[in-house]
Amino acid sequence: MSVRLGARDVSRAFGPVRANEGVSVEIRAGTVHAVVGENGAGKTTLMRILYGLDQPDSGTVVINDQPVRLRGPADGIGHGIGLVPQELAMIGSLTLLENLVLGTEPRSGPRIDWARARGEAEELASRVGVELPWTALADNVSISVRQQVEILRALRRGADVLILDEPTAALAPAQVDDLLRLLRGLREAGRTVVFISHKVDEVLAVADEITVLRGGKVITTRPVGDLDRTSLIELIVGQQVGFTGFVPSAVTGDEVLTVAGSVSLSVRAGEIVGVAGIAGSGQDELVERVVGLRPPDGRITLAGQDISTLPVDRRRAAGLGYISGDRRSEGLSMDASLADNTIAGTHRTLGRHGWLKPSAVRAYAKRVLDGYSVRYGRTTAVARTLSGGNQQRVVIGRELDRDPKLLVAAGPTRGVDVLGMTYIHDKLRALRDNGSGVLLVSEQLDELLDLSDRIIVLHGGRVAGEVPGGPASRTAIGTLMLGRTPS
Amino acid sequence: MSVCPRSNPDKYSRVLTSGFRAVVPFVIALVIGGAVLLATGHNPLAFYQLLVRESFGGTDRIAATLSAATPLLFTGLATAIAFRAGVFNVGVEGGFVLGGLTGATVALHAGLLAGCVAGALAGVLVSALPAWLKARWNVDEVVTTLMSNFVVAGLTGWLVTAFLQAKGVANSATPLIPRSAWLPDLLPPYGLTSGVLIALVLVMLYAVWIKHSVLGYELRQTGLNPRFSAAQGIRVGRVIIVSMLISGAIAGLGGAAHALGVVHRFVDGFSPGYGFTGIAVALLGRNSAVGVVLGAVLFGALASAGTTAQLFSDIPLDIVDVLSGTVMVFAVIRLWRQR
Ligand SMILES: Nc1ncnc2c1ncn2[C@@H]1O[C@H](COP(=O)(O)OP(=O)(O)OP(=O)(O)O)[C@@H](O)[C@H]1O
Ligand SMILES: [Mg+2]
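Bear in mind that the values here come from a model prediction, so they are computed numbers and not experimental data. (Residues numbered from 1 in each chain as written. Chains lettered and ligands numbered in written order. Predicted model: local features only at pLDDT ≥ 70, side-chain atom pairs only at ≥ 80, totals over all residues. Heavy atoms only, no water.)

## A few points about the overall build of chain A
Helix and strand content of chain A: 18 helices and 22 strands. Among the 487 residues that make up chain A, the fraction classed as buried is 53%. A sequence separation of at least 24 residues applies to 64% of the contacts in chain A between residues at least 6 apart. Of the roughly 20100 Å² of accessible surface on chain A, a fraction of 50% belongs to carbon and sulfur atoms. Computing the positive centroid from 57 side-chain charges and the negative centroid from 57, chain A places the two 5 Å apart. (Helix = DSSP H or I, 4+ residues; strand = E, 2+ residues; numbered from the N terminus. Buried < 20%, exposed > 50% of the residue type's maximum accessible area, 1.4 Å probe, protein only. Contact = heavy atoms within 4.5 Å. Areas by Shrake-Rupley, 256 points an atom, 1.4 Å probe, with all protein chains shown as cover. Lys, Arg positive; Asp, Glu negative; His and termini not counted. Charge placed at Lys NZ, Arg CZ, Asp CG, Glu CD.)

## Brief notes about the overall build of chain B
Per the secondary structure count, chain B includes 13 helices and 0 strands. Starting at the N terminus and ending at the C terminus, chain B contains elements arranged as α-α-α-α-α-α-α-α-α-α-α-α-α. At 21 Å, chain B has a C-alpha radius of gyration in line with the 20 Å of a compact globule built from 339 residues. C-alpha atoms of chain B, sized along the principal axes, occupy 60 × 50 × 30 Å. In chain B, 75% of the contacts between residues at least 6 apart in sequence involve partners at least 24 apart. (Rg over C-alpha atoms; globule rule 2.2 N^0.38 Å.)

## Regarding the pairing of strand E19 (residues 406-410) of chain A
The element E19(A) is largely enclosed, with a buried count of 5 among its 5 residues. Note on the crossover from E19(A) through helix H16 (residues 418-433) of chain A to strand E20 (residues 437-441) of chain A: the handedness is right-handed. (Right-handed = clockwise from strand over helix to strand, strands pointing away.)

## Topic: unusual backbone geometry
Notably, Ala303(A) is not glycine yet its phi reads approximately 50°, a positive angle. Its location among the elements puts Ala303(A) in the loop between strand E16 (300-302) and strand E17 (305-306).

## Some thoughts on the interface of chain B and chain A
In this complex, chain B contributes 23 residues to the contact, which on the side of chain A involves 39 residues. At the surface where chain B touches chain A, the tally comes to 5 salt bridges. For Arg348(A), the salt bridge identified is with Glu218(B), shortest N-O distance 3.0 Å. In this structure, the connection of chain B to chain A is made through 18 residue pairs in polar contact (both at pLDDT 80 or more). Elements that contribute at least two residues to the side of chain B that touches chain A include exactly helix H7 (195-212), helix H8 (214-224) and helix H9 (226-231) of chain B. Of all the elements, H8(B) adds the most residues to the side of chain B that touches chain A, at 6 residues. Along the lines of polarity and charge, the residues of the side of chain B that touches chain A split into 12 nonpolar, 6 polar and 5 charged. (Salt bridge = Lys/Arg side-chain N within 4 Å of Asp/Glu carboxyl O. Polar contact = N/O pair within 3.5 Å; in protein donor to acceptor, adjacent residues only side chain to side chain. Nonpolar A, V, L, I, M, F, W, Y, C, P; charged D, E, K, R; others polar.)

## Focus on the UniProt feature "domain: ABC transporter" (unreviewed entry) in chain A
Residue and element names in this part refer to chain A. Under the UniProt annotation, the feature "domain: ABC transporter" (unreviewed entry) is placed at residues 5-240 and 241-485. A helix fraction of 35% and a strand fraction of 28% characterise residues 5-240, whose end C-alpha atoms lie 32 Å from each other. Secondary structure across residues 241-485 comprises 36% helix and 19% strand; the distance between its end C-alpha atoms is 38 Å. (UniProt positions renumbered as here; feature names shortened; annotations may be inferred.)

## Describing the pattern of salt bridges
Residue and element names in this part refer to chain A. Overall, the coordinates contain 37 salt bridges over all chains when judged by the stated rule. Between arginine 4 and aspartate 160 there is a salt bridge; the shortest N-O distance is 2.8 Å. In this pair, arginine 4 sits in strand E1 (residues 3-14) while aspartate 160 sits in the loop between helix H5 (143-156) and strand E9 (161-164), placing the two residues 156 residues apart along the sequence. In this structure aspartate 160 comes out as partly exposed when scored by relative accessible area, which is 28%. When the shortest N-O distance is used, the salt bridge between glutamate 209 and arginine 28 registers 3.4 Å. Of this pair, glutamate 209 sits in strand E11 (residues 209-214) while arginine 28 is found in strand E2 (residues 17-28), placing the two residues 181 residues apart along the sequence. By sharing partners, the salt bridges in this structure join Arg316, Arg398, Glu399 and Arg402 into a single network.

## Topic: the pairing of strand E22 (residues 462-468) of chain A
Residues and elements named next belong to chain A. Where strand E21 (residues 454-459) lies against E22, 6 bridges are found, and the strand directions are antiparallel. The residue of E22 that forms the bridge with isoleucine 456 is glutamate 466. Between E21 and the antiparallel strand that follows it, E22, lie 2 residues; glycine 460 among them carries a positive phi value of about 55°. (Pairing = 2+ DSSP bridges.)

## Here's the deal with the site of ligand 1
In the vicinity of ligand 1 there are 20 residues, among which Gly40(A), Lys43(A), Thr44(A), Thr45(A) and Gly389(A) approach most closely. Nearby residues place ligand 1 at the junction of chains A and B. Measuring from an oxygen atom of ligand 1, one finds a backbone N or O atom of Ala41(A) at 3.2 Å. Between an oxygen atom of ligand 1 and a main-chain N or O atom of Thr385(A), the distance comes to 3.0 Å. When residues of the shell around ligand 1 are traced back to their parent elements, those giving at least two are E2, helix H1 (43-51) and helix H15 (388-400) of chain A. The residue makeup of the shell around ligand 1, split by class, is 5 nonpolar, 12 polar and 3 charged. Per-domain counts for the shell around ligand 1 show at least three residues from each of domain 1 (3-237) and domain 3 (331-402) of chain A. (Near = heavy atom within 4 Å. Domains from an automatic or database assignment.)

## With respect to the environment of Gly282(A)
Residues and elements named next belong to chain A. Within the fold, glycine 282 resides in the loop between strand E15 (271-276) and helix H9 (283-291). Residue class for glycine 282 comes out buried when judged on its relative accessible area of 9%. Taking the C-alpha atoms as reference points, glycine 282 and threonine 422, separated by 140 residues in sequence, lie 27 Å from one another. The residues contacting glycine 282, other than those within four sequence positions of it, are Leu458 and Gly461.

## A word on the environment of Val237(A)
Residues and elements named next belong to chain A. You can see valine 237 is positioned in helix H8 (residues 229-237). Judged by relative accessible area, valine 237 falls into the buried class, the value being 7%. For the pair valine 237 and aspartate 417, spaced 180 residues apart in sequence, the C-alpha separation works out to 9.1 Å. Among residues more than four places away in sequence, those in contact with valine 237 are Glu38, Arg214 and Leu419.

As structure tokens, then:
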């Protein structure tokens, strides 16, 4: 028995889009198998099929060398397969322990045996080497902790194959290290891991074998030893990629943003100001105050105008753009059409005497979506049907197309592929070089160091310090993030 | 992701499935009703044939069905507009009743048009406070609008007995409105008034407006995802208030049309729960214009057929209540799943 899980000639189309085309993969037991590829390459689709959440149009799933038909996720679970989805689905008002055992609670008679549940949870956690605050509400813990609970949840249901769809997209570097350690531990315990990521360094660090998808087809499957960073990126995108690296701003002008309050800072025209800090250090509050989604705790000016008390639409009219860090519930409306998502915020200027002309709406949406190379079928399709990275491009396109004076960008490349990331980075630099200011909030230290002209480090809701952009500042940021002063 | 694994994005099949989902509750209702009829020794097929004949078999019967559907068109549309904005306004009943009393009273002195306008304004008044409480303080609108129904019921009862009681009429009722202020009949001699035209025009306006106007766009987005809407600069609170006020105006206008066209005065028991049936109409019609028309006509058919079908069979009228009750249960389940 060598192939624990696999696909044999699997195809799946959504209308005109061929998400998977003749895909064959073999995932051997006891390995970490990475699946990589551009946005929309068909990774999530393949994983959903392997888990039983979706059924192929043709071809079969293979489990333990045998072709099988999975009719639903219950079948997948029955075969020992667990999926941790791209978008975590946890109940925020329940504790971690409750989330862990939800649906499969240990019982004594009619009642839930919480003591036993707790015992099982502790045992499971220690087996994979993590420690979790079991009584905390899911809403109050970081994404990284929630992810660990999802993994344990799958293990608890008897999964010995774990599929993780872009688990590191929203994690800070230290948390990524923790996760990779956990995955290696699972492999040592004889389990099988399928791992999706756009970050080639992680993939090379943890995987035994790597399958590359492009345009719904398998390009190759190779052992990790045959690949290095450059060759893997070339396989993924099908061409060589030039990385721009750190390019400081040439000229800076007047202040386009000033913020006074618990966090005080300013952004000048022609400048990208990064904001670093461990999750929950005040980044969200800062962003929401600047955008106008939270009452101000001090004066905020945009291009010299006091905007502290203005509603969001007036701030946007004054030149504010906003890339939300929460794409799923704030950046996009998942059940609205792509057209409706694209015109949001511009819809008033697009309207004539209070009416929106359908042809004008469609033309506007098409121009923006095509301009930012979004892979989509029709502008009437709902945003949910796009792949994760393409959803992000919709947000980027909508916000950059308006040529904002100040762009607030939170996690602008979350879930975006290698090419998309360099593309978005170049766009942000171009915006800056055109004389706009950018306030960039990101968990990705590399992104901050590459893009920012200055980096402000937050700790405990206050400014802990400021460092210049560029690779040299890496250690200083790390120290400041923990609330210490660099020597 | 959706529950059904094969989510086909093809438009044609989407229309089919949504139509299918709208019809399912009625089919199940017919099956349950059929079972009850069989168990009591009746022939369900014969009875359903009778129902169809009594609701659509002939101009007079169609007129009666449309007449019964008219108040439901108003209340269904009023509910749908609020629901579309994500506001669960269950106070349309109150707007309808206060609109009826106000319309009947104003028309008595100032004529037809003034009566209609006053009725609509009364409906706006009923929804204004819950709208503001929801937009400003995020007070649950289900509670406030439900309460407003009781307030209106008490208020109208008191107003009629204390000030507006017609002389020489035993039960509590306002004076008869002069014929000049009635809504004209559409199909004399049948009792169908031009109220149905007003309602249908409003439904058509809604269909275009919600889809193609700037405000309609903002209303749809607010209903789909208020957090997204706020972040894009849509003033969610304002949209919620506007949707509630429009909803109230339509409910009030519906009440006035019912008073001026059908009852010709305001009486005790003016509405047998049109506002509540309107909730079912909106839910089953999935808040779409076409759905509201279909839902209102179906409930109207049940109501109009029920009253006469009795004359021709020994089946108790209650079976019609079983049918509409079953449909209602489905509507409530859908409401519960939407929230
Ligand atoms: N339910 C659906 N309906 C319509 N199209 C879909 C659906 N699911 C996926 N697609 C399309 O299939 C293609 C592959 O999507 P998939 O989500 O598998 O990509 P991915 O490789 O996971 O990309 P990403 O890295 O951006 O997450 C995309 O073009 C997407 O738009
Ligand atoms: Mg994906």
